[in-house]
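The chain contents come next:
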Amino acid sequence: MPEQLRHTDTVRPEWIDYNGHLPEPYYVLVFGDATTALMDRTGMDSGYREATGCSLYTVEGHVRYLREIGPDAALEVRTRVLGRDAKRLRLWHELHVDGRLRATEELMCLHVGPGGTAPFPDDVAAALDSLVTPGEPEHAGRSIAAIGREEVHRPST
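This section reports on the structure supplied with the text. (Residues numbered from 1 in each chain as written. Predicted model: local features only at pLDDT ≥ 70, side-chain atom pairs only at ≥ 80, totals over all residues. Heavy atoms only, no water.)

**Side note on the nonpolar core**
So, point 1. The biggest cluster of nonpolar side chains holds 17 residues, and the ones touching the most others in it are Leu 38, Met 44, Leu 56, Leu 89, Leu 91, Phe 120 and Leu 128.
So, point 2. At the level of elements, helix H1 (24–41), strand S4 (88–97), strand S5 (100–113) and helix H3 (122–129) are the ones that each hand at least two residues to this core.
So, point 3. Among the elements that take part in this core, H3 stands out by supplying three residues, more than any other.
So, point 4. Once residues within four sequence positions are removed from consideration, Leu 38 is found in contact with Leu 5, Thr 79, Val 81, Leu 89, Leu 91, Leu 128 and Leu 131.
So, point 5. The next biggest cluster of nonpolar side chains, apart from the first, holds 15 residues, and it includes Val 30, Phe 31, Ala 34 and Leu 95. (Core = buried A, V, L, I, M, F, W, Y, C linked by side-chain atoms within 4.5 Å. Buried < 20%, exposed > 50% of the residue type's maximum accessible area, 1.4 Å probe, protein only. Helix = DSSP H or I, 4+ residues; strand = E, 2+ residues; numbered from the N terminus. Contact = heavy atoms within 4.5 Å.)

**Overview of the side chain of Glu 105**
So, point 1. Tracing the chain through its elements places Glu 105 in strand S5.
So, point 2. Within the buried set, Glu 105 has no salt-bridge partner at all; the shortest N-O distance to an opposite charge, 11 Å, is to Arg 64. (Lys, Arg positive; Asp, Glu negative; His and termini not counted. Salt bridge = Lys/Arg side-chain N within 4 Å of Asp/Glu carboxyl O.)

**A look at the environment of Ala 34**
So, point 1. Following the sequence through the fold, Ala 34 ends up in helix H1.
So, point 2. In this structure the C-alpha to C-alpha distance between Ala 34 and Thr 58, which are 24 residues apart in sequence, comes to 13 Å.
So, point 3. Once residues lying within four places of it in the same chain are set aside, the contact partners of Ala 34 are His 7, Val 77, Thr 79 and His 93.

**What to know about the side chain of His 111**
So, point 1. With respect to the secondary-structure elements, His 111 resides in strand S5.
So, point 2. There is a polar contact of 2.6 Å between the side chain of His 111 and the side chain of Tyr 48.
So, point 3. Beyond its immediate stretch of four places on either side in the chain, His 111 contacts Met 44, Tyr 48, Cys 54, Ser 55, Leu 56, Lys 87, Gly 116, Thr 117, Ala 118, Pro 119, Phe 120 and Pro 121. (Polar contact = N/O pair within 3.5 Å; in protein donor to acceptor, adjacent residues only side chain to side chain.)

**Things to note about the pattern of salt bridges**
So, point 1. Evaluation of the coordinates by the stated rule reveals eight salt bridges.
So, point 2. For Glu 136, the salt bridge goes to Arg 90, with nearest N and O atoms at 2.7 Å. Taken together, the residues Glu 136 in the segment after H3 and Arg 90 in strand S4 connect sequence positions 46 residues apart.
So, point 3. The exposure class of Glu 136 is partly exposed, given its relative accessible area of 45%.
So, point 4. The network of salt bridges with shared partners includes Arg 6, Glu 76 and Arg 78.

**Comments concerning H3**
So, point 1. The complete set of buried residues in H3 reads Val 124, Ala 125 and Leu 128. Buried positions in H3, seen along its axis, are confined to an arc of 100° and lie on one side of it. What points out from H3, more than 90 degrees from its buried face, is the exposed set Asp 122 and Asp 123. (Arc of directions from axis to C-beta.)

**What about unusual backbone geometry?**
Most of the time, phi is negative for any residue but glycine, and the peptide bond is trans.
So, point 1. One non-glycine residue with positive phi stands out, namely Asp 72, at about 65°.
So, point 2. With respect to the helices, strands and loops of the structure, Asp 72 is situated in the loop between strand S2 (55–65) and strand S3 (74–84).
So, point 3. The residue Asp 98 is not glycine, and still its phi comes out positive at about 55°.
So, point 4. Position of Asp 98 among the secondary structure elements: in the loop between S4 and S5.

So, to be careful, I would describe these as geometric facts and stop short of saying anything about function.
This is the structure:
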């Protein structure tokens, strides 16, 4: 099985909200940094981006917030490549604190250049392929469940 990519960070004081916890945007910020680490690892680093004008663009994402994260927490994001085709990449991030899963993010990314979507170069494609892991996490591919479709539910006043 391919080695799992890991990105680490620490919750900064300015990231903590009025409830004393890490709020939504900072989970996504940390996951974004983990995506950048994957790009660096697979040849889509700053030099590549500058030379080609190509990068990954996130076109769809689904975050699950499973447990609260408090001040000064040591964060570890474990990243899996679930699959790719010529121009798309599907990623799975898991955010852990003290070995416990706190959040997940699933992403669909496009490889985009100055002229729009572009195929991955062969060396980048091979690097991504080497990171594909067999099987999928239990919650991969899920969406938010529909509620209230038959009638609109409004809180009483």
